[in-house]
Every structure is written in C-alpha cells, then in structure tokens.
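These are the residues of each chain, in order.
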Amino acid sequence: MRNQRKNKSKITIGIRFVIALTVVIGLVIGLGILRFHAARLAYYLESVNQAIQRYSDEEVTLRQELSALVAPIRIYSYCKESLGMQKVVKAETMPVRMRGRDLTASRRKESENNKGWRSGLAWLLGN
C-alpha cells in the first residue's frame, strides 16, 4: 500500500512537473512571439518616421522653390532666360467687330415673342 502511494505521489509529481514545464515552455514561446512582433512593429514605425522626415524635407524644398518662382523678378528672369521671351515695347490693340445681330437686343426681342403660357417656364428650357 505504501508502494502504491509512493508510486501515485511520484506519478502526480511527474505529471505536475510535465504540466509546469509545458506552461513554462508555452510562456517562453509566447514571450518570444511577442518580442518578434514588437521588433517588427518598431521596424515599421521607424520606416514610417523616415518617410515622414523625407516628405517633410521635400515639402520645405518645394516651398522654397515656390517662393522663388512666385517672386516677380524671378518670373521675369525665368521667362527671359529659359523661355527666350522678350519685354514688349509697344502693345497694340485690334478692334473686333461682331457680325450679325447685337446679343442684348436679340434677347429682348426673343423675350417679347415668348409671351405665351411657356414664358413662365422659359428659364427651365434655356430660352
């Protein structure tokens, strides 16, 4: 009977040891997975921070270029040097005569002709 109790106590101790060892191994594996995931997230965060810094530097460069291009003297020098434009000494204007009827007078005549029941809805049809 004592041998059976000793054997049962040894078996229960062995089972408890195996369970404890399994729990410890599971915890170590879980912590390893969590560390791997944290390292991966840290790498991703670092790449996002580098992209933000790169875009920030690009924005500063573009703002400087914009302010340089917006200045009137820069625009004039760019047009003269790069595009080969020259300053106009004498500007000429040309009168343009319209052939046909006067637009405002024709609108008045059309509105007088549309006095029927459709005149209230003429704005819907574009007449």
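What counts, and at which threshold
Residues numbered from 1 in each chain as written. Predicted model: local features only at pLDDT ≥ 70, side-chain atom pairs only at ≥ 80, totals over all residues. Heavy atoms only, no water. Phe/Tyr/Trp six-rings, centres within 6.5 Å; stacked < 30°, edge-to-face > 60°. Lys NZ or Arg CZ within 6 Å of the ring centre and 35° of its normal. pLDDT = per-residue confidence, 0-100. Helix = DSSP H or I, 4+ residues; strand = E, 2+ residues; numbered from the N terminus. Salt bridge = Lys/Arg side-chain N within 4 Å of Asp/Glu carboxyl O. Buried < 20%, exposed > 50% of the residue type's maximum accessible area, 1.4 Å probe, protein only.

Trainee: Whenever I open this one, the packing of aromatic side chains confuses me. Can you help?
Mentor: A ring pair, where both rings are aromatic, is described by two values, the distance of the centres and the angle of the planes. Taken as a whole and assessed by the stated rule, the structure comprises zero aromatic pairs. Lying across the ring of tyrosine 55, arginine 54 places its NZ or CZ 5.6 Å from the centre.

Trainee: Where do I start with the confidence of the model for the protein chain in this structure?
Mentor: Low-pLDDT portions of the prediction should not be read for the details of their coordinates. Looking at the protein chain as a whole, the pLDDT averages 81, with 76% of positions reaching at least 70. Predicted confidence in the protein chain is weakest over helix α3 (residues 103–113), with a mean pLDDT of 56, and strongest over helix α1 (residues 2–70), with 91.

Trainee: Would you explain the pattern of salt bridges in this entry?
Mentor: Where charged atoms from two side chains of opposite charge approach closely, those side chains can pair. Across all of its chains, the model carries one salt bridge by this definition. Its salt-bridge partner being arginine 63, residue glutamate 59 comes within 3.1 Å of it at the nearest N-O pair. Here glutamate 59 pairs with arginine 63, and both are found in helix α1, just four residues apart, close to one helical turn. In this structure glutamate 59 comes out as partly exposed when scored by relative accessible area, which is 40%. For arginine 63, a relative accessible area of 56% translates into the label exposed.

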